[in-house]
Amino acid sequence: MSRDDGTTAKSTEAGREPVIRVQGLVNRFGDHTVHEHLDLTVEKGEILGVVGGSGTGKSVLLRSIVGLQRPNEGTIEVLGTDLSTLDNEARSRVERRFGVLFQQGALFSSLNLQENIALPLIEHSGLPREEAEYLARIKLSLVGLSPEGARKSPESLSGGMIKRAALARALALDPDILFLDEPTAGLDPIGAAAFDQLIKTLRDALGFSVFLVTHDLDTLHAACDRVAVLSQKRVLVADTLENVAQTDDEWVQEYFNGPRGRAAASSFDQE
C-alpha cells in the first residue's frame, strides 16, 4: 500500500499494518545505555501502552520515534518509512501525520486556546486565520471543551482542561498516530477516567493509532489494547494486559499483581 507522501505500509504476520516498527534501537547518553537493541511494533488502529520502571527510557523511546532524539543505532520506521533517510521537506510531510501531547500540555501561554490550536493549521496547512480558528473551535468541541471558552488563556484553565486543550492541538492536523506522554499525570481519578474514555472514543471514531507512555494502571485497563514493558534496556514483553501480567519478571509481578495492580484489575472486572 503506497501513499502520496512516499511512504509504504508493510503488513505484519497477522495481516495488520504496522504504523511503527523499531528494530535494534540503541540510545546512549555518555557511558549510560538506556536502550540496547530494543525492538517494538505498533499496529494500525491500536492503543499501545508503554510502561516500565524509573529510568527505563519510556519518554526517550517516544522522543526517538517522533524524531526529537537521534538514536545511536537501529532503525525506526514510522508509517512505512525511516525518517532518517528523508530530506527535510519529505520528513516534514510525514511528521504532519503525528500528533503529540507532552506531559505538561506545552501550550503557548501567550496565545489563547483557539490560537494555540489554530497555529499548526496556519503554519502547516496554510489556512487563513479565520478558517483555522473556526476549525480550532471544532477541535475543542471534539475533546469536550466549550467553544465559548476558546478565547481563554491557558493559565486560567484547570489541569484537566489543559490536557484536553493540548489534545485538541495534537489532533489539529488529523494525525494518523497520536503520541501521549503520561496523559493522566496530575489529574484526579474522575478526570483521569474521563480522559481515558475520551482517548478510546476518539480512536474508535477517527481511526488513529496511539503510542501511550503511562504509569497509570487504570489507563492500561481502560484504554489499551496491548501493553509493552520496558525492562533491562529492551522491550521485555508486548502483549495483552492479561498476558503481560503473567510474565515471570519481578518488576512485572510487583507492578501488575501487587496491591495497586490487583485493585485496578478488580475495579474493571466489576464493570
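Anything mentioned here points back to the structure above.
No experiment lies behind these values; they were computed from the predicted model shown. (Residues numbered from 1 in each chain as written. Predicted model: local features only at pLDDT ≥ 70, side-chain atom pairs only at ≥ 80, totals over all residues. Heavy atoms only, no water.)

A. Structural detail: the overall build of the chain. Of the regular secondary structure elements, the chain holds 10 helices and 10 strands. For the chain, whose C-alpha radius of gyration is 19 Å, the value lies close to the compact-globule estimate of 18 Å for 271 residues. Each of the three principal axes of the chain carries a C-alpha extent, and together these read 55 × 45 × 40 Å. If you take every contact in the chain between residues at least 6 apart in sequence, the share linking residues at least 24 apart comes to 64%. Roughly 13400 Å² of accessible area belongs to the chain as shown, and the carbon and sulfur atoms make up 47% of that amount. One finds the centroid of the 28 positive side-chain charges in the chain at a distance of 3 Å from the centroid of its 40 negative side-chain charges. (Helix = DSSP H or I, 4+ residues; strand = E, 2+ residues; numbered from the N terminus. Rg over C-alpha atoms; globule rule 2.2 N^0.38 Å. Contact = heavy atoms within 4.5 Å. Areas by Shrake-Rupley, 256 points an atom, 1.4 Å probe, with all protein chains shown as cover. Lys, Arg positive; Asp, Glu negative; His and termini not counted. Charge placed at Lys NZ, Arg CZ, Asp CG, Glu CD.)

B. Structural detail: the environment of I117. Along the chain, I117 turns up in helix α3 (residues 113–125). The spatial distance from the C-alpha of I117 to the C-alpha of D239 is 34 Å, given a sequence separation of 122 residues. Aside from chain neighbours lying at most four places away, what touches I117 is A136, K139, L140, A165, A168, R169 and A172.

C. Structural context of the sheet that holds strand β7 (residues 177–181). Pairing is mixed in the open sheet, where six strands are placed in the order β6-β7-β8-β3-β9-β10. The sheet is open, and its two edges are formed by β6 (98–101) and β10 (234–239), each paired on a single side. Neighbour-to-neighbour, the strand axes of the sheet open up by a mean angle of 15°, direction not taken into account. Lying on the sheet, helix α5 (residues 159–170) is in contact with β6 and β7; it crosses β6 at an angle near 165°. (Pairing = 2+ DSSP bridges. Axes fitted to C-alpha atoms, helices over the stretch in contact; angles between N-to-C directions.)

D. The arrangement of the pattern of salt bridges in detail. Counted by the stated rule, this structure contains 11 salt bridges. In this structure, the salt-bridge partner of D204 is R203, at a minimum N-O distance of 2.7 Å. Here the salt bridges share partners, and the residues they tie into one network are R203, D204 and D225. (Salt bridge = Lys/Arg side-chain N within 4 Å of Asp/Glu carboxyl O.)

E. Just unusual backbone geometry, in detail. Here E182, not a glycine, exhibits a phi torsion of approximately 50°, which is positive. Relative to the helices and strands, E182 is located in the loop between β7 and α6 (189–206). Positive phi, normally seen in glycine, also occurs at K233, with a value near 70°. Looking at the element boundaries, K233 is found in the loop between β9 (226–231) and β10.

F. Structural view of a nonpolar patch on the surface. Judged by side-chain polarity, Y134, L135 and I138 come together as a nonpolar surface patch covering roughly 270 Å² of accessible area. Here L135 falls in the partly exposed class, since its relative accessible area comes to 30%. (Patch = residues over 30% accessible without salt bridge, like charges linked within 9 Å, V, L, I, M, F, W, Y side chains within 5 Å. Buried < 20%, exposed > 50% of the residue type's maximum accessible area, 1.4 Å probe, protein only.)

G. Geometry of the nonpolar core. Judged by nonpolar contacts, the single largest core of 46 residues is most densely connected at L167, L178, L220 and F256. Dropping the residues within four chain positions of it, F256 is found in contact with V51, L217, L220, V227, V229, L241, V244, A245, G261 and R262. L61, V94, I177 and V235 belong to the second largest nonpolar core, which has 26 residues in total. (Core = buried A, V, L, I, M, F, W, Y, C linked by side-chain atoms within 4.5 Å.)

H. Spatial organisation of the packing of α5 against α6. Running from N to C, α5 and α6 point in directions that differ by 15°, and their axes come no closer than 11 Å. Taken together, the axes of α5 and α6 are roughly parallel relative to one another. Relative to α6, the crossing made by α5 is right-handed. From α5, K163, R164 and L167 reach across to α6, where they touch A194, F195, L198, I199 and L202. (Parallel < 35°, antiparallel > 145°, perpendicular 65-115°, else oblique. Left-handed = near helix turned anticlockwise from the far one by under 90°.)

I. Quick look at the packing of aromatic side chains. Evaluation of the coordinates by the stated rule reveals four aromatic pairs. Centroid distance F179 to F211: 5.8 Å. Interplanar angle 50°. Geometry classified as tilted. Here the residue F179 occupies a position in strand β7, and F211 occupies one in strand β8 (residues 209–213), the gap between them amounting to 32 residues. A relative accessible area of 0% means that F179 is categorised as buried. (Phe/Tyr/Trp six-rings, centres within 6.5 Å; stacked < 30°, edge-to-face > 60°.)

J. Molecular detail of the sheet that holds strand β5 (residues 81–82). Across the sheet, which stays open at both edges, the four strands sit in the order β2-β1-β4-β5 with antiparallel pairing between neighbours. Each edge of the open sheet carries a strand with a single partner, namely β2 (32–43) and β5. With respect to the sheet, helix α1 (residues 58–66) is in contact with β1 (18–29), β2 and β4 (73–78), its orientation differing from that of β1 by roughly 120°.

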